[in-house]
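# A structural walkthrough
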Amino acid sequence: MEFTHVLFLAFAALAVVAAFNIILQRNPIYCAIGLIVVLCALAGLFLTLHAQFIAAIQIIVYAGAIMVLFVFVIMLLNVREEESKTDRQKILKVIAVPLFLALLAEVFVVIRLVNNSPPAIASAADNTNPAASLGSVESIATAMFTTYVLPFEATSVLILMAIVGAMLLARKNSKDDFERIEQALTLENDETEQAMQADAEKSKEEVAA
Amino acid sequence: MVPLSWYLALSAVLFTIGVVGVIIQRNVIVLFMCVELMLNAVNLTLVSFSRYLGDITGQLFVFIVMAVAAAEAAVGLAIIISLFRNRETLNVDEADLLKL
């Protein structure tokens, strides 16, 4: 058994156990921790596949940014874990197990049918020159900014729309906001007026003195 | 070298676990995490095909899937927050306004 086999099995076991942890836990924060473990295990698997850049992005963007967002929302809402109370959930659980097994069996049958397991094409990945290898930043950037520049730009528009949409959805009732801003403004005006009056009186007194 | 089918099988297992999670979990945040799990299972498939075909395109797809996942997480969590403001619950069974 090669070293890569050992690595694959270790990361795969970690990912599957943590994935089960996600779906079986009640408290959402433990689910989030499980998902972070899955993401890190997948980053390790990407490394075994010569996708260094994707592995780094997986850690930085997924396990970093997106999961921080999740944990933030979980803590912001801070809901006590709601015990299972609906009957529907039990029915769904009963349905879920055979569905799970059927889907798994189907997948393995298909993989066995098509199991030609093509040997990896001897590509630039096996080169001794690391800069020319398959998953390097250079090769990804070359493809991204030449052949796939249009999808890349479309992605930036998508993210812009997501930012605007998220702000629109998550803000409080706009009427309240306007009232609060109006109040703050009038308060400020009053304070400045008072301050100006006080200054004027002071200067008058000084003149009189 | 690890055969391609091992990676595909692992990816299928992770995807299936994600589907089961969507079915049995009732907390909307956890449902969201299960969707992320499924996206990651597909990412693993794309990267392993990219490796075994010696083509960089699969990794670019993964990059774009990640950008879409980030956008989806931002919008989805905003929806969850406004849902919680209106309903005071995270249980998806309680959010049934469109149901007859």
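Rules of the game
- Residues numbered from 1 in each chain as written.
- Chains lettered and ligands numbered in written order.
- Predicted model: local features only at pLDDT ≥ 70, side-chain atom pairs only at ≥ 80, totals over all residues.
- Heavy atoms only, no water.
- Helix = DSSP H or I, 4+ residues; strand = E, 2+ residues; numbered from the N terminus.
- Buried < 20%, exposed > 50% of the residue type's maximum accessible area, 1.4 Å probe, protein only.
- Contact = heavy atoms within 4.5 Å.
- Salt bridge = Lys/Arg side-chain N within 4 Å of Asp/Glu carboxyl O.
- Polar contact = N/O pair within 3.5 Å; in protein donor to acceptor, adjacent residues only side chain to side chain.
- Nonpolar A, V, L, I, M, F, W, Y, C, P; charged D, E, K, R; others polar.
- Phe/Tyr/Trp six-rings, centres within 6.5 Å; stacked < 30°, edge-to-face > 60°.
- pLDDT = per-residue confidence, 0-100.
- Core = buried A, V, L, I, M, F, W, Y, C linked by side-chain atoms within 4.5 Å.
- Domains from an automatic or database assignment.

So, about the overall build of chain A. Looking only at helices and strands, chain A features seven helices and zero strands. Residue burial in chain A is summarised as follows: out of 209 residues, 26% are buried. Nonlocal contacts in chain A, meaning residues at least 24 apart in sequence, comprise 50% of its contacts between residues at least 6 apart.

Right, let's get into the interface of chain B and chain A. Taken together, the contacts link 71 residues of chain B with 82 residues of chain A. Put simply, chain B and chain A have zero salt bridges between them. Connecting chain B to chain A are eight residue pairs in polar contact (both at pLDDT 80 or more). When residues in the side of chain B that touches chain A are grouped by element, the largest group, 23 residues, is from helix α3 (residues 57-87) of chain B. For the side of chain B that touches chain A, the residue count by class is 48 nonpolar, 15 polar and eight charged.

Further remarks concern the pattern of salt bridges. All names here are of chain B. Scanning all chains against the criterion turns up one salt bridge over all chains. A salt bridge links arginine 26 to aspartate 93; the nearest nitrogen and oxygen atoms lie 3.2 Å apart. Of this pair, arginine 26 sits in the loop between α1 (4-24) and α2 (28-53) while aspartate 93 is found in the segment after α3, placing the two residues 67 residues apart along the sequence. The class of arginine 26 is buried, set by a relative accessible area of 14%.

Attention now goes to the packing of aromatic side chains. To describe a pair of aromatic rings, you give the distance between the ring centres and the angle between the ring planes. Tallying each qualifying case throughout the model produces six aromatic pairs over all chains. The structure contains a cluster of three or more aromatic residues connected by ring pairs, namely Phe8 of chain A together with Trp6 and Tyr7 of chain B.

Residues and elements named next belong to chain A. Counting through the fold element by element, valine 137 comes out in helix α5 (residues 137-145). Given a relative accessible area of 52%, valine 137 falls into the exposed group. For the pair valine 137 and isoleucine 54, spaced 83 residues apart in the sequence, the C-alpha separation amounts to 9.0 Å.

Attention shifts here to the side chain of glutamine 58 of chain A. Inspection of the secondary structure assignment puts glutamine 58 of chain A in helix α3 (residues 52-77). Of the polar contacts made by the side chain of glutamine 58 of chain A, one reaches the backbone oxygen of leucine 39 of chain A; its length is 3.3 Å. Discounting chain neighbours no more than four positions away, the residues touching glutamine 58 of chain A are Leu39, Leu42, Ala43, Phe46 and Ala63 of chain A together with Asn40 and Met66 of chain B.

All names here are of chain B. Here chain B shows a mean pLDDT of 89. Residues at 70 or above account for 100%. Here α1 stands out as the least confident element of chain B, with mean pLDDT 89; α2 is the most confident, with 92. This complex was scored by the predictor with a pTM of 0.80 and an ipTM of 0.92.

With that settled, consider the nonpolar core. Ranked by size, the top nonpolar core spans 71 residues in total, and within it Ile54 and Phe70 of chain A together with Ile29 of chain B carry the most contacts. For this core, the elements supplying multiple residues, two or more each, are α1 (3-24), α2 (28-48), α3, α4 (87-113) and α5 of chain A together with α1, α2 and α3 of chain B. Take this core: its biggest share by element is twelve residues, from α3 of chain A. Taken domain by domain, the makeup of this core includes at least three residues from each of domain 1 (1-81) and domain 2 (89-131) of chain A. Beyond its immediate chain neighbours, meaning those up to four positions away, isoleucine 54 of chain A contacts Phe46 and Ile140 of chain A together with Val47, Gln59, Val62, Phe63 and Met66 of chain B.

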